[in-house]
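Structural overview
Residue strings, one per chain:
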Amino acid sequence: MSRKTTRREFVKGMAAAAAAAAVPVRLARAQARPVRIGFAISETGAYSVGAGITQIPNYILWRDQVNARGGLLVAGEGRRPVEFVRYDDRSEIETGIRLYERLATVDRVDLILPPWGTAMNFAVAPVVSEHEYPMIAPTLSSMQLQDFRLPYVYAILAQPDAQMRALAGLLEYVREQNGYNRVAVLHVADLFGVEHYNELVPRLQSAGFEIVLDRSYPLGVSDLSDVLRGARSSGADIVIGLSYPPDTNLIVNQLSSIGFNPPVLYTAVGTAFPAFRDNFGANSEGVMGVGAWNPKVPYPGAREYFEAHVSHLDREPDRWASASAYASLQILEQAVAEVGLDRRRIKEYIDSNEFQTVIGPVRFVDGVNVVTPGMVGQWQNGEFEVIWPREHATAEPLVPKPAWR
Amino acid sequence: MSLLLEVAMSGLLLGGVYALIAVGLNLQYGLMRILNVAHGEFLMIGGYVTYLLVSLRGWNPLLTLLVSGPLLFAVGLAVHGLLFRHLVRLRRTREELEANSLLISFGLMFILQNVALILWQADMRGYRYLDQPLQVFGAVFPANRVVAFAIALGFTILLFAFLHGTLAGTSLRGLMQDVVGARLVGLPVRRMHAACFGLGAALAGVSGSLLSMLYPLTPDIGVSYTVTALIVIILGGLGSVAGSFAGGLLLGVVEALGVHFTDPAFRMVLKYGVLALVLVLRPYGLFNTVARRPEQMQKA
């Protein structure tokens with residue numbers, strides 16, 4: 001560095017510096033500082049199907065709607081644009097944990113949004129709680145998490161006990177009507193499947209159902225045809241898959257390809273996806289699934305949300321957790337508008353208020369939404385109708401399901 | 001038809017495809033002592049070739065075999081020329097060749113998997129083909145499995161006929177038994193090695209195309225099929241097409257029945273269990289007679 005700077009270089013450098021300094025000033029005048037909202041979600045891997053349908057589109061829809069309104073209303077500051085800091089956890093739990101650590105400590109985002117899936121949310125929940133980020137998770141369904149009492153984590157979805165209570169209730173009703181009593185239960189060996197299994201089977205047993213087949217299978221399984229053959233030969237009237245999207249498709253596909261049409265077929269995550277209906281066409285008719293939500297529900301904003309999802313993202317929302325994902329963003333938006341970006345105050349606000357959302361009223365007690373009941377949905381004529389519990393139903397159950405076509 | 005028989009038959013159908021995968025690996029290992037653990041990755045590539053042609057071009061999956069086979073043959077030739085030819089020339093003992101080829105193909109496996117990850121991401125990809133039920137001997141199977149089995153069987157029979165009914169095939173078998181002898185009678189050993197490696201890769205590609213009709217694809221499906229193929233080879237004996245075929249069918253049936261009686265989670269455990277049992281009870285393969293024990297075979 002012994003060479004002296006010439007006058008010409010000095011002038012050039014000053015001019016460049018002045019130009020560089022001028023740009024941010026002008027930008028800053030045009031727009032308030034963005035609110036940075038971070039999340040890591042599965043864009044690849046086994047969880048990506050669900051994440052890409054249930055959560056990511058709703059994040060994008062909400063961000064674009066908020067920014068179109070001039071930004072997120074922050075109490076005491078006015079409207080600020082929303083900017084995402086977004087990562088792919090590749091459906092790997094350890095990657096997800098690392099990325100949420102990073103969002104909190106390196107990126108230091110203002111707010112965070114949850115990842116997709118029970119196991120992933122379960123894994124990052126301690127991280128976000130430690131860093132005091134409120135996280136309202138639309139795809140977290142775990143009784144175990146409630147035992148941990150993580151103060152900043154909220155489960156907006158109906159939890160395994162509520163969902164399986166609804167399913168058991170429906171099955172008892174169907175038994176009264178049609179006499180179906182023999183049940184085959186398959187579940188994915190992932191936190192979601194295990195917890196739902198533990199909630200369902202004791203209920204069925206105490207209700208006097210005969211469990212004729214009971215199998216678990218690993219996440220990412222590629223073949224269940226031999227298990228389904230076993231279900232057929234055991235004489236099951238009711239086949240229940242406590243499944244994730246890829247295996248939901250596998251079960252329905254392989255049932256039809258071995259020509260077994262159980263009168264009652266229930267599969268879990270993924271059944272409520274419009275892609276399920278589009279993929280199976282007439283064969284989706286009568287398939288029941290965990291859920292449910294559809295644009296016919298009587299809550300303010302529900303129909304508008306459905307239409308905005310279709311027009312903005314060019315596809316329909318799924319009929320279960322999509323609306324919950326959007327509802328969680330409505331809650332966050334309302335909280336920030338009332339108390340600003342102080343995360344402890346956001347938490348206090350969420351804890352102490354009831355919210356009106358597209359899934360109806362939501363109120364959290366110990367981090368769990370206690371208002372929204374567990375429900376069962378069923379594809380009927382291209383819509384995922386809510387069929388149970390009766391007081392929330394948008395249609396009657398269709399039993400037995402029509403034959404495969 | 002009883003359930004057990006039906007499950008066993010469904011295992012047989014899958015076992016036919018296992019056999020074809022194993023035959024490809026067996027050609028490479030039995031003939032050249034090149035232990036190519038990237039065999040499953042060639043299979044994965046074949047699957048993606050079919051997937052792309054079906055989903056982007058609307059081809060019939062069966063037609064794509066005409067692309068995946070020759071393409072993987074070319075890839076096999078290239079890989080052999082780049083990585084293994086040199087190795088075969090340099091090796092001093094059979095053990096050294098086995099160890100070095102294992103290391104190289106292990107690296108190759110990671111490279112191919114990661115290239116596939118970059119190209120196609122970790123998503124499951126698939127298409128639907130002939131997944132309606134088909135009645136076979138009173139039992140019901142997905143039609144695509146029956147088709148895949150028939151084609152795998154056809155390829156295996158063709159290969160068997162080639163090895164046992166043509167001059168080129170007889171020379172290959174001769175080469176397998178005695179390299180020095182093969183040289184002495186004027187066989188072009190090096191070119192035959194390359195062709196043989198290519199053929200093994202092509203069979204992997206074809207198997208991948210067939211499997212893509214049955215199961216969704218991810219970039220990491222290869223490893224489990226490599227393991228399956230190794231188990232089948234050990235069951236059926238080195239260098240034996242008929243042995244691989246029988247071994248493949250057997251493994252398919254054991255797996256299907258095992259999963260039926262336990263849980264789908266035990267699929268790989270069952271496979272390894274079969275392997276361990278055979279290694280303990282019949283270390284030279286189920287069908288090997290004393291005359292074909294390795295110590296009595298000449299050094300490759």
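As the structure is a computational prediction, the values presented were derived from the model and not from experiment.

Quick look at the overall build of chain B now. Within chain B, the regular secondary structure consists of eleven helices and two strands. Going residue by residue from the N terminus, the α and β elements of chain B occur as α-α-α-α-β-β-α-α-α-α-α-α-α. Computed over its C-alpha atoms, the radius of gyration of chain B comes to 19 Å, within 12% of the 19 Å expected for a compact globule of 300 residues. Taken over the C-alpha atoms alone, chain B extends approximately 55 × 45 × 35 Å along its principal axes. Just so you have it, chain B exposes about 13,100 Å², and 70% of that area is on carbon and sulfur atoms. Distance from the positive charge centre (20 side chains) to the negative charge centre (12 side chains) of chain B: 11 Å.

All right, on to the packing of aromatic side chains then. For any pair of aromatic rings, geometry is given as the distance between the ring centres together with the angle between the planes. Residues and elements named next belong to chain B. Taken as a whole and assessed by the stated rule, the structure comprises 18 aromatic pairs over all chains. Ring plane angle 90° and centroid distance 6.5 Å describe the contact between Y48 and Y51, whose orientation is recorded as edge-to-face. One end of the pair, Y48, and the other, Y51, are both in helix 2 (residues 39-57), three residues apart, so they sit about a helical turn from each other. Accessibility assignment for this pair places Y48 and Y51 in one class, buried.

Right, let's get into the interface of chain B and chain A. Often the size quoted for an interface is simply the accessible area lost on bringing the parts together. Taken together, the contact between chain B and chain A spans 27 residues of the former and 28 residues of the latter. Contact between chain B and chain A buries roughly 2,100 Å² in total, counting both sides, with carbon and sulfur atoms accounting for 50%. Three residues, M124(B), R128(B) and P264(B), lead the burial of chain B against chain A; their summed loss comes to 24% of the area buried on that side. For the pair chain B and chain A, the interface holds four salt bridges. Between R145(B) and D223(A) there is a salt bridge, with its nearest N and O atoms 2.7 Å apart. Ranked by residues supplied to the side of chain B that touches chain A, first place goes to helix 1 (residues 3-32) of chain B with five residues.

Before going further, it helps to spend a moment on the confidence of the model for chain A. Scored by pLDDT, chain A has a mean of 91; 92% of the residues are at 70 or more. Within chain A, the element-level pLDDT minimum falls on helix 1 (residues 7-30) of chain A, averaging 55, and the maximum on strand 11 (residues 264-267) of chain A, averaging 98.

With that settled, the discussion passes to the pattern of salt bridges. Within this structure, the stated rule accounts for 27 salt bridges over all chains. Beyond isolated ion pairs, a larger network of salt bridges with shared partners links R277(A), D278(A), E316(A), R319(A) and E383(A).

Next up on the list: the nonpolar core. By size, the foremost hydrophobic cluster in this structure holds 137 residues, and its most contacted members are Y100(A), L224(A), I240(A), Y266(A), I350(A) and V376(A). No other element matches the ten residues that helix 12 (residues 321-339) of chain A contributes to this core. In terms of domain composition, this core takes at least three residues from each of domain 1 (35-159 + 297-369) and domain 2 (161-296 + 375-392) of chain A. Those residues within four positions of L224(A) in sequence are excluded, and the remaining contacts are L186(A), Y217(A), L250(A), I251(A), Q254(A) and P264(B). One finds L43(B), A182(B), L203(B) and M213(B) within the second-largest nonpolar core, a separate group that totals 73 residues.

Here the focus is the domain arrangement of chain A. Residues and elements named next belong to chain A. Taken domain by domain, chain A comprises domain 1 (35-159 + 297-369) and domain 2 (161-296 + 375-392). Here domain 1 and domain 2 have C-alpha centroids that lie 27 Å from each other. Facing the 32 residues of domain 1 at the interface are 29 residues of domain 2. Where domain 1 packs against domain 2, one counts two salt bridges.

Further remarks concern the sheet that holds strand 4 (residues 82-88) of chain A. All names here are of chain A. Taken in spatial order, the three strands make up an open sheet running 4-1-5, and their pairing is parallel. Unpaired on one side and paired on the other, strand 4 and strand 5 (111-112) mark the two borders of the sheet. Of the strand pairs in this sheet, strand 1 (residues 35-41) and strand 5 are connected by two bridges, and their pairing is parallel. Note on strand 5: the bridge partner recorded for I37 is L111.

With that settled, the discussion passes to helix 9 (residues 245-257) of chain A. Residue and element names in this part refer to chain A. Along its 13 residues, helix 9 runs 18 Å from first to last C-alpha, staying within 8% of the 18 Å computed at 1.5 Å per residue. Along helix 9, twelve of the 13 residues are buried, which leaves the element largely enclosed by surrounding structure. Taken together, the buried positions of helix 9 are occupied by P245, P246, D247, T248, L250, I251, V252, N253, Q254, L255, S256 and S257.

Our focus in this paragraph is the environment of G169(A). Residues and elements named next belong to chain A. Structurally, G169 can be placed in helix 6 (residues 160-178). With relative accessibility at 21%, the residue G169 sits in the partly exposed group. Taking the C-alpha atoms as reference, G169 lies 8.0 Å from W388; in sequence the two are 219 residues apart.

Turning our eyes to something else, we now look at the confidence of the model for chain B. Residues and elements named next belong to chain B. Counting all residues, the mean pLDDT for chain B is 87, and 95% of those residues have values of 70 or more. Within chain B, helix 2 carries the highest mean pLDDT (95), whereas strand 1 (residues 133-136) carries the lowest (83). Low pLDDT, under 50, characterises residues 296-300; the stretch is placed with ten contacts to residues that sit more than four places away or in other chains.

What counts and what doesn't
- Residues numbered from 1 in each chain as written.
- Chains lettered and ligands numbered in written order.
- Predicted model: local features only at pLDDT ≥ 70, side-chain atom pairs only at ≥ 80, totals over all residues.
- Heavy atoms only, no water.
- Helix = DSSP H or I, 4+ residues; strand = E, 2+ residues; numbered from the N terminus.
- Rg over C-alpha atoms; globule rule 2.2 N^0.38 Å.
- Areas by Shrake-Rupley, 256 points an atom, 1.4 Å probe, with all protein chains shown as cover.
- Lys, Arg positive; Asp, Glu negative; His and termini not counted.
- Charge placed at Lys NZ, Arg CZ, Asp CG, Glu CD.
- Phe/Tyr/Trp six-rings, centres within 6.5 Å; stacked < 30°, edge-to-face > 60°.
- Buried < 20%, exposed > 50% of the residue type's maximum accessible area, 1.4 Å probe, protein only.
- Contact = heavy atoms within 4.5 Å.
- Buried area = accessible area lost by both parts, 1.4 Å probe.
- Salt bridge = Lys/Arg side-chain N within 4 Å of Asp/Glu carboxyl O.
- pLDDT = per-residue confidence, 0-100.
- Core = buried A, V, L, I, M, F, W, Y, C linked by side-chain atoms within 4.5 Å.
- Domains from an automatic or database assignment.
- Pairing = 2+ DSSP bridges.
- Expected span 1.5 Å × (residues − 1).

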